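Structure at a glance
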Amino acid sequence: MNASPSHGPSPHSSRTSRHASSGSSHHDADAVVLGHGLAGLVATVELLETGRRVVLIDQERAADLGGQAYWSFGGLFLVDSPEQRRLGVKDSVDLAWSDWQATAGFTGQDDALPKAWAEAYVNFAHQEKRAWLRERGHRLFPVVGWAERKVPAPGVGGNSVPRFHITWGTGPGIVEPFSRVVEQAAFDGRLTYLPRHRVTELLTSGGSVTGVAGQVLADDDGARGTASNRTVVGDFRIESAAVIVASGGVGADHERVRDVWPSRLGPAPQDMLSGVPAYVDGSGITVAERAGARLLHPDRMWHYTEGVKNWDPIWPGHGIRILPGPSSLWLDAAGRRLPHPRWPGFDTLGTLGELRGASASAPEDARTAPAGEHSWFVLNHRIIGKEFALSGSEQNPDLTGRSVRQVLGRVTQDMPGPVRDFLEKGEDFVTADTVSELVAKMNALVPDGPHVDEAAVQAAVAQHEAGAETPGADPQLDEVRTARKYLGDKLIRTAPPHRLTDPKAGPLIAVRLHTLTRKTLGGLHTDLGGRVLDAAGQVIPGLYAAGEAAGFGGGGMHGFRSLEGTFLGGCLFSGRTAGRSAAAETA
């Protein structure tokens, strides 16, 4: 296991959790929050601050407090922030909302509430979110990233300007302002915290949700993020006036992902890595559906194409997403260059569809089969050192540990340590001095095929190098030049255009990329107060949803695509909204 950050329980966990025990238990509360991830923590804090009696419940260990958010890079979508302005970025609510709508592609009446949630969220991201977090001790890294860049083509969307603000402390830094409150409340007796309790049923009476019931699971001393046992040692029942479902999405259940995979993205991959721990299984969504809740847009998902196998895995099938700068050459499994504008850092789902044979430019009946289950980045030592970041708190010990000295080292060193570890130890990375040697190693890595065609790779490298030497010769390299006009990219994210085969920039590197499951964009249909709706669009009294389980609000506020930095922010916003609504209705 990686040593930093710690994967173990928090310092207070031994005194804030109830250990599993055999037999039956019964509790009463004003509200039950199902899920101790970020959305659940925020909702719980909102309830506690109004004096409500709360039971916070999760099937995992106290060591997993914070859920997926703990493992995140800590990116937050903010609009017209002081950090943006200091870097010369001109942003506005109008521009952000325009980008959001172009990216989301909302359609029809079913998207009315998701769209309303999205507009409210963009306004929240303008000033209120940063100020609200700052009051709670949250801080930001000063350089704003440019994730999901706007594609220079009509009808695709993306961020017109950099908006990806990195939490100082990454995932743990976004969890801590809320976990501290929850842990203290449990210690003081103001909160009942029940880890290792799996909800299997929502209790109902007269059409209203009146509590939860389920199974008590055996204690498990595994490290944070590792798969835990499912041994049942008892059962429980909790009566409450409100239940908030904040249990996350379905990303770890690959069969469920395949079952709802949309045809617009081509055939579902058979080979996928998990970008989330095994507990992200969609169980809370299923329980809510059984109680009459409507699940909206289950086929809208957010999975990445730049996944690599973790050489030091924590959970089953653990993959890490590469956060690439714009310079790497992107090839399909056969070695053919992806068409423009399928470049690193642009249009995640468009590229996923392209790799699955669902090119946006081809009618559905003319689509071709995917070239393979993987794709390739081809780059060199200079590019990987400047442009590769790895998603995850444990992959960024300098930011996670809040070390100014180590962060400054990113500017002076030739390659971040975690990236070097993957280059030297990761099974998806190969290096060579020439293109011919590189292709041979690529083929050796996939002996069962598809075969990488050297002629195709040589031609793609030649095109890329022509663009590096002559502006206007290659659209991707022109975008690299555009990126470097932004100070943040020039400083730490984008290498100057140069020949891939330049010996001074070598050696050459190829990285095999896998589909990496991540987020559920659809979710339980909610109104603007976070109250869950049934199939007729009527409120189910006593039932609320937040976070990924609610599609981050309304059942899918991102529409078909995300602008990035909006998942943690969506948990914050929807958790706060649901918590405040439940507090008001249980007064």
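Here the structure is a predicted model, which means the values were calculated and not measured.

1. What about the overall build of the protein chain?
In terms of helices and strands, the protein chain carries 19 helices and 20 strands. For the protein chain, whose C-alpha radius of gyration is 23 Å, the value lies close to the compact-globule estimate of 25 Å for 587 residues. Each of the three principal axes of the protein chain carries a C-alpha extent, and together these read 70 × 50 × 50 Å. The proportion of buried residues among the 587 residues of the protein chain is 63%. The protein chain carries 59 positive and 67 negative side-chain charges, and their two centres are separated by 5 Å.

2. With respect to the environment of Ala 473
By the secondary structure assignment, Ala 473 is in the loop between helix H16 (454–469) and helix H17 (475–483). For the pair Ala 473 and Gln 463, spaced ten residues apart in sequence, the C-alpha separation works out to 8.1 Å.

3. Observations concerning helix H5 (residues 93–104)
Helix length check: H5, at twelve residues, gives a terminal C-alpha distance of 16 Å against a target of 16 Å (1.5 Å per residue), a fit within 8%. All buried positions along H5 are accounted for by Val 93, Ala 96, Trp 97, Asp 99, Trp 100, Thr 103 and Ala 104. An end-on view of H5 places all buried positions within 160° of arc, on one side of the element. The inward-facing, buried residues of H5 abut strand E3 (75–77), helix H6 (112–135) and helix H19 (566–585). Directly after H5, the chain includes Gly 105, whose backbone phi takes a positive value near 65°.

4. Focus on empty space enclosed by the protein
Using the criterion set out here, one finds three cavities of 30 Å³ or more in the structure. In this model, the largest cavity occupies a volume close to 70 Å³. Every residue lining the largest cavity is listed: Thr 305, Leu 352, Leu 355, Arg 356, Gly 372, Glu 373, His 374, Ser 375, Leu 513, His 514 and Thr 515. Mapped onto the lining of the largest cavity, the elements with two or more residues apiece are helix H10 (348–355), strand E14 (374–380) and strand E17 (508–520).

5. Here's the deal with the pattern of salt bridges
On inspection of all chains with the given rule, the structure shows 39 salt bridges. Across the pair Arg 130 and Glu 83 runs a salt bridge, and its minimum N-O distance is 2.8 Å. Of this pair, Arg 130 sits in helix H6 while Glu 83 sits in helix H4 (residues 82–86), placing them 47 residues apart in sequence. Residue Arg 130 is classed as partly exposed on the basis of its relative accessible area, which comes to 22%. A residue is classified by how much of its surface remains accessible, and Glu 83, at 4% relative accessible area, is buried.

6. Structural notes on the nonpolar core
Membership of the largest hydrophobic core comes to 72 residues, with the highest contact counts inside it found for Leu 38, Trp 100, Phe 178, Ile 244 and Leu 572. Residue contacts for Leu 38: discarding those within four places in its chain leaves Gly 66, Ala 69, Ile 174, Val 175, Phe 178, Leu 568, Cys 571 and Leu 572. Core analysis: the second largest hydrophobic core is formed by 39 residues, Ile 322, Leu 331, Leu 379 and Leu 423 among them.

7. Describing unusual backbone geometry
Along the chain, His 340 connects to Pro 341 via a cis peptide bond; the corresponding omega equals 5°. Note on placement: Pro 341 falls in the loop between strand E13 (329–331) and H10. Look at the link from Gly 506 to Pro 507: it is a cis peptide, with omega at 5°. Residues other than glycine seldom take positive phi values, yet Arg 402 does so here, at roughly 55°. A positive phi angle is found at Phe 552, which is not glycine, with a value near 65°. Along the chain, Phe 552 falls in the loop between strand E20 (539–545) and H19. Classification of Phe 552 as buried rests on a relative accessible area of 0%.

8. Description of the packing of H6 against H19
Here H6 crosses H19 at 90°, and the two axes come no closer than 10 Å. As summarised for this structure, H6 and H19 are arranged roughly perpendicular, according to the angle between their axes. Contacts between H6 and H19 pair Trp 117, Ala 120, Tyr 121, Phe 124, Glu 128, Lys 129, Trp 132 and Leu 133 from the former with Thr 566, Gly 569, Gly 570, Leu 572, Phe 573, Ser 574, Arg 576, Thr 577 and Arg 580 from the latter.

9. What to know about the confidence of the model for the protein chain
For the protein chain, the mean per-residue pLDDT works out to 94, and 95% of the residues sit at or above 70. Counting contacts from residues 1–20, a segment whose pLDDT is below 50, to residues more than four positions away or on other chains yields 49 contacts.

10. A look at the packing of aromatic side chains
The full count for this structure, using the stated rule, is 21 aromatic pairs. Ring centres of Trp 343 and Phe 346 lie 5.2 Å apart, and the angle between their planes is 85°; on these two criteria the pair is classed as edge-to-face. The two residues Trp 343 and Phe 346 agree in class, both being buried. Among the aromatic residues, those joined into a ring-pair cluster are Phe 77, Trp 100, Trp 117, Tyr 121, Phe 124, Trp 132, Phe 178 and Phe 573. Seen from the ring of Phe 560, Arg 300 lies directly overhead, with NZ or CZ sitting 3.9 Å from the centre. Sitting over the ring of Trp 132, Arg 576 keeps its end group 5.1 Å from the ring centre.

11. Comments concerning the pairing of strand E12 (residues 319–323)
On any regular strand, side chains alternate: one points to one face of the sheet, the next to the other face. With respect to burial, E12 is a largely interior element, five of its five residues being buried. Of the two faces of E12, the one holding Gly 319, Arg 321 and Leu 323 and the one holding Ile 320 and Ile 322 are both buried throughout. Bridge analysis of strand E11 (residues 301–309) against E12 gives three bridges, and the strand direction is antiparallel. Within E12, the position partnered with Gly 307 by the bridge is Arg 321.

12. With respect to the side chain of Asp 428
Position of Asp 428 relative to the elements: it lies in the loop between helix H14 (417–425) and strand E16 (429–432). Its relative accessible area of 0% is what places Asp 428 among the buried residues. A distance of 2.8 Å separates a polar atom in the side chain of Asp 428 from the backbone nitrogen of Lys 309. Discounting chain neighbours no more than four positions away, the residues touching Asp 428 are Val 308, Lys 309, Leu 445, Ala 510, Val 511, Arg 512 and His 514.

13. A few points about the environment of Arg 410
As for its placement among the helices and strands, Arg 410 is situated in helix H13 (residues 404–412). In this structure Arg 410 comes out as partly exposed when scored by relative accessible area, which is 26%. Taking the C-alpha atoms as reference points, Arg 410 and Gly 385, separated by 25 residues in sequence, lie 9.0 Å from one another. Not counting chain neighbours up to four residues away, the residues in contact with Arg 410 comprise Asn 396, Asp 398 and Leu 399.

14. Observations regarding the environment of Gly 350
Note that Gly 350 resides in helix H10. Taking the relative accessible area as the measure of exposure, Gly 350 reaches 7% and is therefore buried. Between the C-alpha atoms of Gly 350 and Leu 438, which are 88 residues apart in sequence, the distance is 27 Å. Excluding residues within four positions of it along the chain, Gly 350 makes contact with Arg 342 and Arg 561.

What counts, and where the lines are drawn
Residues numbered from 1 in each chain as written. Predicted model: local features only at pLDDT ≥ 70, side-chain atom pairs only at ≥ 80, totals over all residues. Heavy atoms only, no water. Helix = DSSP H or I, 4+ residues; strand = E, 2+ residues; numbered from the N terminus. Rg over C-alpha atoms; globule rule 2.2 N^0.38 Å. Buried < 20%, exposed > 50% of the residue type's maximum accessible area, 1.4 Å probe, protein only. Lys, Arg positive; Asp, Glu negative; His and termini not counted. Charge placed at Lys NZ, Arg CZ, Asp CG, Glu CD. Expected span 1.5 Å × (residues − 1). Arc of directions from axis to C-beta. Contact = heavy atoms within 4.5 Å. 1 Å grid on protein atoms, 1.4 Å probe; cavity = no way out; pocket = protein on both sides within 12 Å on 5 of 7 lines; lining within 4 Å. Points joined across faces, edges and corners; volume = space filled by probe spheres on them. Salt bridge = Lys/Arg side-chain N within 4 Å of Asp/Glu carboxyl O. Core = buried A, V, L, I, M, F, W, Y, C linked by side-chain atoms within 4.5 Å. Axes fitted to C-alpha atoms, helices over the stretch in contact; angles between N-to-C directions. Parallel < 35°, antiparallel > 145°, perpendicular 65-115°, else oblique. pLDDT = per-residue confidence, 0-100. Phe/Tyr/Trp six-rings, centres within 6.5 Å; stacked < 30°, edge-to-face > 60°. Lys NZ or Arg CZ within 6 Å of the ring centre and 35° of its normal. Pairing = 2+ DSSP bridges. Polar contact = N/O pair within 3.5 Å; in protein donor to acceptor, adjacent residues only side chain to side chain.

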